[in-house]
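A closer look at the structure
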Amino acid sequence: MIRPVSNRLLLRYGAVAAAAALACTACSGSGSGGNAAQPPAAASPAASSTAAPAAAPPDAATVGETVKAAMKKSTAVHVKGSKSEDGKMKVDMQFNKDSVSGSIEKDGVEVPVRRVGDKVWMRFSKSLTKEAGLPAEAAAMVNDKWVSLDSQLGQGLGEAFKLFLDYDVFVGSMADDAAKPGYSAGEPADVAGTPALRYKNGTRTIFEAAGSHRLLRLESPSEGTMEFSGWDQPVPAQAPPAAEIYSGPGS
């Protein structure tokens, strides 16, 4: 029988989830992703701007607010990158208005997460059950199974994860942070074939898509790099198949 000893582990990765959100904003902050569904291969980060008229490049004084406004109008984004502060963290997440899928990896321990509406699941990867130190019998029961975070085993972490996996909260936080003043003049750049403008703010750099002003990349030599693609190109997440959802004690 699986005991609720995983509470501390889940709390730790609830903190990891929050840290992942901070990781996405850290490159532009005061100090300077089962796997996520991938945006369609043929799409580019600038594709969402094709229906909008081309806009003049923002100057250094207004670029933060311009990027913020563009981000807050968006409906979807794919976020992928890494952060090395306080251990190595990788994030690979697809955020849509009504669903989220992806994974967070901290020091080699993977935490796949999924949200569909108000329902949130976390999958017990083998690296996660190993980190938890679960007995072999218990590990075999949950390995590669999705656990509802509203279940007893989830120990009430559903609300915390729902907040982390809320599109408006996540993107709004990044947008507010990107709006901080102090940028230098923009310089022409290229991000994965997309024409962009590069703006520096101390040791941090943002790349915004020319024309649409969508954020394409955040860089910081001390904290890491985050890539943003598929703006306004939703890739809806689906609830895990019933056969993959944990149904044992505590479910």
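Residues numbered from 1 in each chain as written. Predicted model: local features only at pLDDT ≥ 70, side-chain atom pairs only at ≥ 80, totals over all residues. Heavy atoms only, no water.

So, the overall build of the protein chain
Scanning the protein chain from N- to C-terminus turns up six helices and eleven strands. When burial is assessed residue by residue, the protein chain has 49% of its 251 residues classed as buried. Total accessible area on the protein chain stands at roughly 11,100 Å², and carbon and sulfur atoms take up 55% of it. (Helix = DSSP H or I, 4+ residues; strand = E, 2+ residues; numbered from the N terminus. Buried < 20%, exposed > 50% of the residue type's maximum accessible area, 1.4 Å probe, protein only. Areas by Shrake-Rupley, 256 points an atom, 1.4 Å probe, with all protein chains shown as cover.)

What about the sheet that holds strand 2 (residues 89–96)?
Hydrogen bonds between backbone atoms are what pair the strands of a sheet, whose relative direction is either parallel or antiparallel. Across the sheet, which stays open at both edges, the eleven strands sit in the order 6-5-4-3-2-1-11-10-9-8-7 with antiparallel pairing between neighbours. Only two strands of the sheet have a single partner each, and these edge strands are strand 6 (146–148) and strand 7 (187–191). In this sheet, adjacent strand axes meet at a mean angle of 20° when their direction is disregarded. Relative to strand 9 (residues 204–209), strand 8 (residues 194–201) is paired through six bridges, and the arrangement is antiparallel. (Pairing = 2+ DSSP bridges. Axes fitted to C-alpha atoms, helices over the stretch in contact; angles between N-to-C directions.)

Considerations on the environment of proline 112
Mapped onto the secondary structure, proline 112 falls in strand 4 (residues 109–116). In this structure proline 112 comes out as buried when scored by relative accessible area, which is 0%. Along the sequence, proline 112 and aspartate 144 sit 32 residues apart, while their C-alpha atoms lie 9.6 Å from each other.

A word on the nonpolar core
Counting residues in each nonpolar core, the largest one holds 44 residues, and the members touching the most others are Met93 and Phe228. When residues of this core are assigned to their parent elements, the largest contribution, six residues, is made by helix 6 (residues 167–178). Core analysis: the second largest hydrophobic core is formed by six residues, Val191, Ala196, Phe207 and Leu216 among them. (Core = buried A, V, L, I, M, F, W, Y, C linked by side-chain atoms within 4.5 Å.)

Structural notes on the side chain of aspartate 92
By the element assignment, aspartate 92 lies in strand 2. Buried within the structure, aspartate 92 lacks any salt-bridge partner; lysine 80 is the closest side chain of opposite charge, at an N-O distance of 4.3 Å. (Lys, Arg positive; Asp, Glu negative; His and termini not counted. Salt bridge = Lys/Arg side-chain N within 4 Å of Asp/Glu carboxyl O.)

Considering the confidence of the model for the protein chain
For the protein chain, per-residue confidence averages 77 on the pLDDT scale, and 75% of positions sit at 70 or higher. Contacts for the low-pLDDT stretch residues 1–15, under 50 throughout, to residues beyond four places or in other chains number 31 contacts. When the criterion is pLDDT under 50, residues 17–54 qualifies, and its contacts beyond four places in sequence or with other chains add up to 107 contacts. (pLDDT = per-residue confidence, 0-100. Contact = heavy atoms within 4.5 Å.)

Structural notes on the pairing of strand 10 (residues 215–220)
Most of strand 10 sits inside the fold, with five of its six residues counted as buried. The pairing of strand 9 with strand 10 spans four bridges and is antiparallel. Within strand 10, the position partnered with phenylalanine 207 by the bridge is arginine 217. Once strand 9 ends, the chain turns through five residues before running back antiparallel as strand 10, passing glycine 211 with a positive phi of about 100°. Sheet topology places strand 10 next to strand 11 (residues 224–229); four bridges connect them, and they run antiparallel.

A closer look at the environment of tyrosine 183
Looking at where tyrosine 183 falls in the secondary structure, it is placed in the loop between helix 6 and strand 7. Residue tyrosine 183 is classed as buried on the basis of its relative accessible area of 10%. For the pair tyrosine 183 and arginine 198, spaced 15 residues apart in the sequence, the C-alpha separation amounts to 9.8 Å. Excluding anything up to four places from it in sequence, tyrosine 183 contacts Ala60, Val63, Gly64, Ala178, Tyr199, Lys200, Asn201 and Ile206. In terms of polar contacts, tyrosine 183 uses its side chain to reach the backbone carbonyl oxygen of alanine 178, at 2.7 Å. (Polar contact = N/O pair within 3.5 Å; in protein donor to acceptor, adjacent residues only side chain to side chain.)

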